[in-house]
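So the chains spell out like this:
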Amino acid sequence: MLVVMDVSATPEQIEQVVNVIEAKGCTARPIPGGDRVSIGVLNNAGPLDASLFIGLPGVKDAVPITKPYKLVSRETKADDTLIQVGDVVIGNGNLTLMAGPCAIESEDQALTIAGHVKKSGAHMFRGGAFKPRTSPYTFQGLGEAGLKILAKVRETTGMPVVTEVMDTQAFDLVEHYADMLQIGTRNMQNFSLLKRAGESFRPILLKRGLAATIEEWLMAAEYIMAQGNHQVVLCERGVRTFVHHSRNTLDLSAVPVVRKESHLPIIVDPSHAAGRRDQVLPLSRAAVAANAHGLMVEVHHQPEKALSDGAQSLYPEQFDILCRQVKAIFNVSGGQEPF
Ligand code: PEP
Ligand code: MN
């Protein structure tokens, strides 16, 4: 159930609705919108009667939410959500470019790549300090030393930084250093991690699980929002299919579907979808043409020496071309209504 308040509703009237919801043993979640507040009713055991709310002063309407994801759904919030990371705004009307190496390897490596991607037009820097690797014998990331390098990158370039948090034990640490926390594909349904992310004061970048349906992915975002953190950006990064010509299959249909179903921004990671450099540029162009709100791209100045994901990392000159091309596409398609 969503209780929609009048544009002119007072804080006291909103509080009265919250009290009625709580008296029913449910959780009230006020959602500020562009011009009015709505109040989501969560944790109700069964359907609630709209007449509980209609007629209360300041209430415009009370409508049932038909989707299993409630706070994530456009039924709850019709206007697009904008997420602020440092001075970068992610969401409708913006094309946010995040770029950097798969893993932070050294201060020199990170600062060199950051200098390149910033010059080309990246808004945010990415790089893993805690790496989820398939093999336990490969580079696992620099840990806290990597986070300190990320902070140095922010200090030097002014770009906000995004990095993965792999478990609840490291959450406080990553939250301390990073501007945005990434939950990776392998952790999309790690429910204790999602709940901790929901208590965070930082925006969260939630990647789609390796074989997750869009509904499962949106439910994972719901876990974060249900704990009170409404700053969630979704990231399509390819799903596992039968093909061998790419590491995963980029599901670009997720972009219009998510934009229709949810008010949250959605970006695309073509690098982990492709797994190889030669597909990254065409997939990036397609993602922006499909109205993604941004891209996350792996870039390395010496990919042949990279400690992880060198094969999919663009050379800085290739990223420069990518930026120019996707900005041109965004200027044609980004300002349009997606549907
Ligand atoms: C990453 O972005 O560093 C990463 C490991 O991606 P994914 O979780 O999509 O595999
Ligand atoms: Mn990677």
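Criteria and thresholds
Residues numbered from 1 in each chain as written. Chains lettered and ligands numbered in written order. Predicted model: local features only at pLDDT ≥ 70, side-chain atom pairs only at ≥ 80, totals over all residues. Heavy atoms only, no water. Near = heavy atom within 4 Å. Polar contact = N/O pair within 3.5 Å; in protein donor to acceptor, adjacent residues only side chain to side chain. Areas by Shrake-Rupley, 256 points an atom, 1.4 Å probe, with all protein chains shown as cover. 1 Å grid on protein atoms, 1.4 Å probe; cavity = no way out; pocket = protein on both sides within 12 Å on 5 of 7 lines; lining within 4 Å. Sits in = over half its atoms within 2 Å of the grid points. Nonpolar A, V, L, I, M, F, W, Y, C, P; charged D, E, K, R; others polar. Helix = DSSP H or I, 4+ residues; strand = E, 2+ residues; numbered from the N terminus. Buried < 20%, exposed > 50% of the residue type's maximum accessible area, 1.4 Å probe, protein only. Contact = heavy atoms within 4.5 Å. Salt bridge = Lys/Arg side-chain N within 4 Å of Asp/Glu carboxyl O. Axes fitted to C-alpha atoms, helices over the stretch in contact; angles between N-to-C directions. Left-handed = near helix turned anticlockwise from the far one by under 90°. Pairing = 2+ DSSP bridges. Right-handed = clockwise from strand over helix to strand, strands pointing away. Expected span 1.5 Å × (residues − 1). Arc of directions from axis to C-beta.

Attention now moves to the site of ligand 1. Around ligand 1, the neighbouring residues are Arg-126, Lys-131, Glu-164, Gln-182, Gly-184, Thr-185, Arg-186, Lys-207, Arg-237 and His-272. Within the contact set of ligand 1, an oxygen atom lies 2.7 Å away from a side-chain nitrogen or oxygen of Arg-126. One of the side-chain nitrogen or oxygen atoms of Arg-237 is found 2.6 Å away from an oxygen atom of ligand 1. Protein contact buries 96% of the 290 Å² of open area that ligand 1 shows by itself. The pocket occupied by ligand 1, as judged from atoms lying within 2 Å of grid points, is the largest pocket. The residue makeup of the shell around ligand 1, split by class, is no nonpolar, four polar and six charged.

Looking at the element boundaries, Asp-269 is found in the loop between β13 (266-268) and α8 (270-274). Look at Asp-269 and you get buried, because its relative accessible area is 1%. In this structure the side chain of Asp-269 is engaged in a polar contact, spanning 2.9 Å, whose partner is the backbone nitrogen of Ser-271. A distance of 2.6 Å separates polar atoms of two side chains, one belonging to Asp-269 and the other to His-272. Those residues in contact with Asp-269, other than ones at most four positions away along the chain, are Lys-207, Cys-235, Glu-236, Arg-237, Leu-250 and Met-296.

Glancing now at the pattern of salt bridges. Tallying each qualifying case throughout the model produces 14 salt bridges. The residue Arg-196 makes a salt bridge to Asp-172 at a minimum N-O spacing of 2.8 Å. You can see Arg-196 sitting in helix α5 (residues 191-198) and its partner Asp-172 sitting in helix α4 (residues 171-177), a full 24 residues away along the chain. By relative accessible area, Arg-196 is classed as buried at 16%. When its relative accessible area of 52% is taken as the criterion, Asp-172 is described as exposed. Linking Lys-207 and Asp-269 is a salt bridge whose minimum nitrogen-to-oxygen distance equals 2.6 Å. With Lys-207 in strand β11 (residues 204-207) and Asp-269 in the loop between β13 and α8, the pair connects residues that are 62 residues apart, well separated along the chain. Shared partners join several salt bridges into a network, and the residues in it are Asp-172, Glu-175 and Arg-196.

Our next topic: the environment of Ala-197. Here Ala-197 lies in helix α5. Each C-alpha atom of the pair Ala-197 and His-263 lies 19 Å from the other, and the pair is 66 residues apart in sequence. Once residues lying within four places of it in the same chain are set aside, the contact partners of Ala-197 are Phe-171, Ile-183, Ile-204, Ile-224 and Asn-229.

Closest axis-to-axis distance for the helix α2 (residues 107-120)/helix α3 (residues 144-157) pair is 10 Å, and the angle between their directions is 40°. The handedness of the crossing between α2 and α3 comes out as right-handed. Along the contact surface, α2 presents Glu-107, Ala-110, Leu-111, Ala-114 and Lys-118, while α3 presents Ile-149, Lys-152, Val-153, Thr-156 and Thr-157. Classifying every residue of the contact of α2 with α3 gives five nonpolar, two polar and three charged.

Attention shifts here to the side chain of Thr-163. Within the secondary structure, Thr-163 sits in strand β9 (residues 161-164). A distance of 3.5 Å separates a polar atom in the side chain of Thr-163 from the backbone nitrogen of Ala-129.

The antiparallel open sheet is built from four strands, whose spatial order is β2-β3-β1-β4. Edge strands, defined here as strands with exactly one partner in the open sheet, are β2 (27-32) and β4 (59-63). Shown here is a sheet whose adjacent strand axes are inclined to one another by a mean of 20°, direction ignored.

What follows concerns the pairing of strand β12 (residues 232-236). Here β12 lies mainly inside the structure; five of its five residues are buried. In this sheet, β12 lies alongside β11 in parallel orientation, the contact comprising four bridges. Bridging across to β12, Leu-205 finds its partner in Val-233. In this fold, the crossover linking β11 to β12 by way of helix α6 (residues 214-226) has right-handed handedness.

A few words on unusual backbone geometry. Peptide bonds are trans in most cases, and residues, glycine excluded, mostly fall at negative phi. In this structure, Asn-291 is a non-glycine residue whose phi angle is positive, near 80°. Looking at the element boundaries, Asn-291 is found in the loop between α9 (280-289) and β14 (294-298).

Compared with an ideal rise of 1.5 Å per residue, which puts 13 residues at 18 Å, helix α1 (residues 11-23) spans 18 Å between its outermost C-alpha atoms and is within 8% of the ideal. Along α1, the residues classified as buried are Ile-14, Val-17, Val-18 and Ile-21. For α1, the angular spread of the buried residues around the axis is 100°, confining them to a single face. Among the exposed residues of α1, those pointing more than 90 degrees away from its buried face are Glu-12 and Ala-23. On its buried face, α1 sits against β1 (2-5), β2, β3 (37-42) and β4. With its phi angle positive at about 80°, Gly-25 sits one or two positions after the end of α1.

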